Amino acid sequence: MRGSGLAESHRPFVGQDVTLLAAERFAPANRKRLSGPALRTFLNIAEDWGLSEEQRRLVLGYPSRSTYHNWMRLAREGGAVTLDVNTLMRLSALFGVHQALGVLFATKEAGIEWLRGPHLAPVFGGQAPLALLTNGSMDGIMLVRRFLDAA
């Protein structure tokens, strides 16, 4: 980047630098650091939204009941848990939905009402957005997130 005027620290990532960044992002130590707080946040949101255990497991990628209960116990006790990348990505998308609801609706109750009510937008096909969030697929979660982000 000779002559570009960009300082060394302001150059865009290229080649191997991007690979290293991605590897660090998904490293077990980083996932372990994020997993407990992510699960505790999820528990609070799931409680607010009134999700059943089955719906909670579907959002998380449908872990076995014993795995789910172990994760929840460890999260509540502040114990060490390391979620896989897929589960963390699902939680991240769900947190985006939660945040968007907080921005778009004046009250938490209004956001929850929107989630639970049937929706006429073509992407929902008359279903409640919550049905998509809890259908077990990452696509369902991302569809609701993208819809809210666009709003």
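Attention in this report is confined to the structure presented alongside it. (Residues numbered from 1 in each chain as written. Predicted model: local features only at pLDDT ≥ 70, side-chain atom pairs only at ≥ 80, totals over all residues. Heavy atoms only, no water.)

Focus: the side chain of Arg31
- Position of Arg31 relative to the elements: it lies in helix α2 (residues 28-49).
- Here Arg31 occupies a buried position and makes no salt bridge, while the nearest side chain of opposite charge, Asp84, is found at 6.6 Å. (Helix = DSSP H or I, 4+ residues; strand = E, 2+ residues; numbered from the N terminus. Buried < 20%, exposed > 50% of the residue type's maximum accessible area, 1.4 Å probe, protein only. Lys, Arg positive; Asp, Glu negative; His and termini not counted. Salt bridge = Lys/Arg side-chain N within 4 Å of Asp/Glu carboxyl O.)

Thoughts on the nonpolar core
- If you look at the biggest cluster of nonpolar residues, it comprises 35 residues, and the most contacted ones within it are Leu39, Trp49, Leu60, Val97, Leu115, Leu133 and Val144.
- For this core, the secondary structure elements donating two or more residues are α2, α4 (65-77), α5 (85-104), α6 (108-116), α7 (129-133) and α8 (138-150).
- Residues contacting Leu133, with those up to four places away along its chain left out, are Trp49, Val59, Leu94, Val97, Leu115, Gly140, Ile141 and Val144. (Core = buried A, V, L, I, M, F, W, Y, C linked by side-chain atoms within 4.5 Å. Contact = heavy atoms within 4.5 Å.)

Digging into the pattern of salt bridges
- This structure, assessed with the given rule, holds 6 salt bridges.
- Residue Asp48 is joined to Lys108 by a salt bridge in which the shortest nitrogen-to-oxygen separation is 3.5 Å. With Asp48 in helix α2 and Lys108 in helix α6, the pair connects residues that are 60 residues apart, well separated along the chain.
- Of the charged contacts in the structure, one is a salt bridge between Glu77 and Arg73, with a shortest N-O distance of 3.2 Å. Taken as a pair, Glu77 and Arg73 lie in helix α4 at a separation of 4 residues, close to a single helical turn.
- Using a relative accessible area of 55% as the deciding quantity, one classes Glu77 as exposed.
- Overall, Arg73 belongs to the partly exposed group, its relative accessible area being 38%.

Description of the layout of surface pockets
- One number sums up the size of the largest pocket: a volume of about 210 Å³.
- As for the largest pocket, its lining consists of Arg25, Phe26, Asn30, Arg31, Leu34, Ala38, Val85, Leu88, Met89, Ser92 and Phe95.
- Put simply, the parts of the chain that give the lining of the largest pocket at least two residues each are α2 and α5.
- With 5 residues, the single largest contributor to the lining of the largest pocket is α5. (1 Å grid on protein atoms, 1.4 Å probe; cavity = no way out; pocket = protein on both sides within 12 Å on 5 of 7 lines; lining within 4 Å. Points joined across faces, edges and corners; volume = space filled by probe spheres on them.)

Remarks on the environment of Gly78
- Note that Gly78 resides in the loop between α4 and α5.
- The exposure class assigned to Gly78 is exposed, which follows from its relative accessible area of 54%.
- Separated by 42 residues in the primary sequence, Gly78 and Gly36 place their C-alpha atoms 6.7 Å from one another.

Some details on the packing of aromatic side chains
- By the definition in use, this model includes 4 aromatic pairs.
- With a centroid separation of 5.9 Å and an interplanar angle of 80°, the aromatic rings of Trp114 and Phe124 are classed as edge-to-face. Here Trp114, found in helix α6, pairs with Phe124, found in the loop between α6 and α7; they are 10 residues apart in sequence, far enough to count as distant. For the pair Trp114 and Phe124, one class covers both residues: buried.
- Look at Trp114 and Phe147: their rings are 6.0 Å apart centre to centre, the planes differ by 15°, and that puts the pair in the stacked class. Placement of the pair is Trp114 in helix α6 and Phe147 in helix α8, with a sequence separation of 33 residues.
- Relative accessible area serves as the criterion here: at 15%, Trp114 is assigned to the buried category.
- Linked through ring pairs, Phe105, Trp114, Phe124 and Phe147 together constitute an aromatic cluster.
- The ring centre of Tyr62 lies 4.2 Å from the NZ or CZ of Arg57, which sits over that ring. (Phe/Tyr/Trp six-rings, centres within 6.5 Å; stacked < 30°, edge-to-face > 60°. Lys NZ or Arg CZ within 6 Å of the ring centre and 35° of its normal.)

Take it as geometry only, folks, not as evidence of what the structure does.
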